[in-house]
Amino acid sequence: MYKMLAEKNNLSSRIEELTIRLTQVISVTETAGEIDISQEIFNIFMEMDYYKNNPEHVYIQDIPTDRLGRKNVIAILKGNKGNSKKAVSLLGHTDTVGISDYGNLIDMCNKPYELTSKMSEIIRDLPETVQEDIQSEKENFLFGRGIFDMKSGDAIIIALMEAISKDLDNFEGNIIYTAVCDEESNSVGMFAAVPELNKIQKENNWDIQGMIDTDYMTNEYHGDDDKYVYVGAVGKLMPSFFVVGQETHVGESFNGFDPNQMVAELTKKINMNTEYCDIAEGQVTLPPLTLKQRDLKPEYSVQSAKTATLFFNYATHKSTPDEVLEKMVLAAKECMQISINDLNKQYKSFCELSKIEHKELPWKEHVITYDELYAKVKEEMGYRLEVIISEFEHEKLKDEKLDERDYSLALVEKVHSLWSNRHPVIVVYFTPPYYPHVLVNGKSEKEQRVLDAVKSAVNDTETNYNLVYKNFFPYIADISFAAAPQGEDVINALKQNMPGFGTKYVMPLDEMSELNLPVLDIGPFGKDAHKYTERLETNYSFNTTPELVYRTVINLLKTN
């Protein structure tokens, strides 16, 4: 059935055509280009006969809360065969990372054919792996910003919907495609899309079976020839530390407690430590990695820093926010005590060298969560604390350039500044964003249908590639927001320890819980996402990927 559809609609060529067309629109995240790409996708749908006759089935979704005025595009396709209430959600993002890394090639970054030709000319200046791909006789690559991540994925969905729309009498079920903005940054588009999907489902009395993302897929290691379909999605938390030391003049260094020393211990303990890899269903996350580390001293002087901060990217497959928080508190306690012990050891040695009396330094280990800090300050201040913090947030929200991470830190600093306790302490909290992991293991009927649908699609797809389906799409993606973690304790641990949750960082947890979809990623294949050598392999991407997507959709929409 797929072969007939593909041949009749010249599907591979159409996907390539749409891929080039979308790549030509520069849509760097958090720029006006995101509005342009949404309009282009809307225009493509309105060129199709189905949408000319049913214009209400495609629309641009405004996002009133977005300061840049970015949009989502929603396209619905209703089959005429039978009266099925089943639907499948298809997802793609329309933004890309920046283009400055292209240097003197920047004018070609959105022109795949020209850029690919140019890469062949400068091949000797390129990394060895890129040279190998350009010279490969087995694979054919196209270069361009966003061609791989993920304009080609959007093109696959659009071309499939166009082909299906020409023969709806033989199509049973319904498709909802959501082209979201802002995936590469703060997921504003997906946060708006989730309640919209719930609304569409209710208004049509549909039952969405699952969500398929067509974000990119690449090698898992050098020399890896397998091609992957992923069921479920990795999660992400950003455990953070506000570290308070004791400032001092550098000429009296042992009278202080340097927060940078504690930060260094935290980095040594947590960064790239496989002890914190999260393992589920035989799949292992990467260990935590620092994303920011700095002291908070605003100027140069010979006074040591008073405070410092750092946060980590922490990938999850099964650990919930409350569990990660507990692990980070234990790590902070260990690191603070190590810092105290080391400082005392060095002070004792200094006293011996200087032949002066030695007395143990006064520092004590003290680690609390943000929720605990807030409770301690509220115990001292009562209702006044909420008034002060509300006014503080109101002022901070006026600064549209203040990002969610700095906003969160500012709240921690403010609450701590109101506390009577001035001793060294480490405050553990979460910095936005948060991506829930989605585990699909067959525990529900829908999960089992997704697993069966993928397995059947992989087995039935005619290809020379070795296809493998695995748990957990390994890259942070918006499909994480198709469901929410379960349990009041889990949710509270997140909300109460993520300063700015509900004000600056507004995440539709209730709507995510209501949607509650199993997710999977069936993506085009390429290499070097987010690099100037970003490239798409065309044979797999234009032929095998769309067949896998189509077969999975059909399997999910089967009525028996």
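Our subject in this report is the structure included herewith. (Residues numbered from 1 in each chain as written. Predicted model: local features only at pLDDT ≥ 70, side-chain atom pairs only at ≥ 80, totals over all residues. Heavy atoms only, no water.)

## Description of the overall build of the protein
Helices and strands together make up the secondary structure of the protein, namely 17 helices and 19 strands. Computed over its C-alpha atoms, the radius of gyration of the protein comes to 26 Å, within 12% of the 24 Å expected for a compact globule of 560 residues. Along the first, second and third principal axes, the C-alpha atoms of the protein reach 90 × 60 × 40 Å. A buried classification covers 57% of the 560 residues belonging to the protein. (Helix = DSSP H or I, 4+ residues; strand = E, 2+ residues; numbered from the N terminus. Rg over C-alpha atoms; globule rule 2.2 N^0.38 Å. Buried < 20%, exposed > 50% of the residue type's maximum accessible area, 1.4 Å probe, protein only.)

## Here's the deal with the sheet that holds strand S19 (residues 535-537)
Spatially, S4-S19-S18 is the arrangement adopted by the three strands of the open sheet, whose pairing is antiparallel. Each edge of the open sheet is held by one strand with a lone partner, namely strand S4 (141-143) and strand S18 (526-527). Bridge count for S4 against S19 is three bridges, and the pairing is antiparallel. The residue of S19 that forms the bridge with phenylalanine 143 is arginine 535. Packing against the sheet, helix H7 (residues 147-165) makes contact with S4, S18 and S19, and its axis sits at approximately 50 degrees to S19. (Pairing = 2+ DSSP bridges. Contact = heavy atoms within 4.5 Å. Axes fitted to C-alpha atoms, helices over the stretch in contact; angles between N-to-C directions.)

## Some remarks on helix H2 (residues 11-23)
Its 13 residues give H2 an end-to-end C-alpha distance of 18 Å, which sits within 8% of 18 Å, the value for a rise of 1.5 Å per residue. Those residues of H2 not exposed but buried are Leu11, Arg14, Ile15, Leu18, Thr19, Ile20, Leu22 and Thr23. (Expected span 1.5 Å × (residues − 1).)

## Notes on the sheet that holds strand S2 (residues 71-78)
Spatially, the eight strands line up as an open sheet ordered S1-S2-S5-S3-S6-S17-S7-S16, and their pairing is mixed. The open sheet has two edge strands with one neighbour each: strand S1 (58-62) and strand S16 (467-473). With direction set aside, neighbouring strand axes in the sheet form an average angle of 25 degrees. Both strand S3 (residues 86-93) and strand S5 (residues 174-180) contribute to a ladder of seven bridges, which runs parallel. Looking across to S5, one finds that leucine 90 is bridged to tyrosine 177. Contacts from helix H3 (residues 33-46) reach S1, S2 and S5 within the one sheet, and its direction differs from that of S1 by about 160 degrees.

## Quick look at the pairing of strand S9 (residues 239-244)
In terms of burial, S9 is largely enclosed, as six of its six residues are buried. Both faces of S9 are covered, namely the face carrying Pro239, Phe241 and Val243 and the face carrying Ser240, Phe242 and Val244. The pairing of S9 with strand S15 (residues 425-430) spans six bridges and is classified as antiparallel. If you follow phenylalanine 241 over to S15, its bridge partner there is valine 428.

## Here we look at a nonpolar patch on the surface
Residues Val250, Tyr300 and Val302 make up a contiguous nonpolar surface patch of about 350 Å² in total accessible area. By the secondary structure assignment, valine 250 is in the loop between S9 and helix H9 (259-270). (Patch = residues over 30% accessible without salt bridge, like charges linked within 9 Å, V, L, I, M, F, W, Y side chains within 5 Å. Areas by Shrake-Rupley, 256 points an atom, 1.4 Å probe, with all protein chains shown as cover. Salt bridge = Lys/Arg side-chain N within 4 Å of Asp/Glu carboxyl O.)

## Here's the deal with the pattern of salt bridges
Applying the stated criterion across every chain yields a total of 26 salt bridges. In this structure, glutamate 514 and lysine 202 form a salt bridge, with 2.9 Å as the shortest nitrogen-oxygen distance. Of this pair, glutamate 514 sits in helix H16 (residues 509-515) while lysine 202 sits in helix H8 (residues 188-204), placing them 312 residues apart in sequence. Residue classification places glutamate 514 among the partly exposed residues on the basis of a relative accessible area of 41%. The exposure class assigned to lysine 202 is exposed, which follows from its relative accessible area of 60%. The shortest N-O distance in the salt bridge between arginine 405 and glutamate 404 comes to 3.4 Å. Among the residues examined, arginine 405 registers a relative accessible area of 17% and is labelled buried. Relative accessible area serves as the criterion here: at 14%, glutamate 404 is assigned to the buried category. Residues joined by salt bridges that share partners form a network here, namely Glu34, Asp66, Arg70 and Asp182.

By themselves, these figures tell us nothing about what the structure is for.
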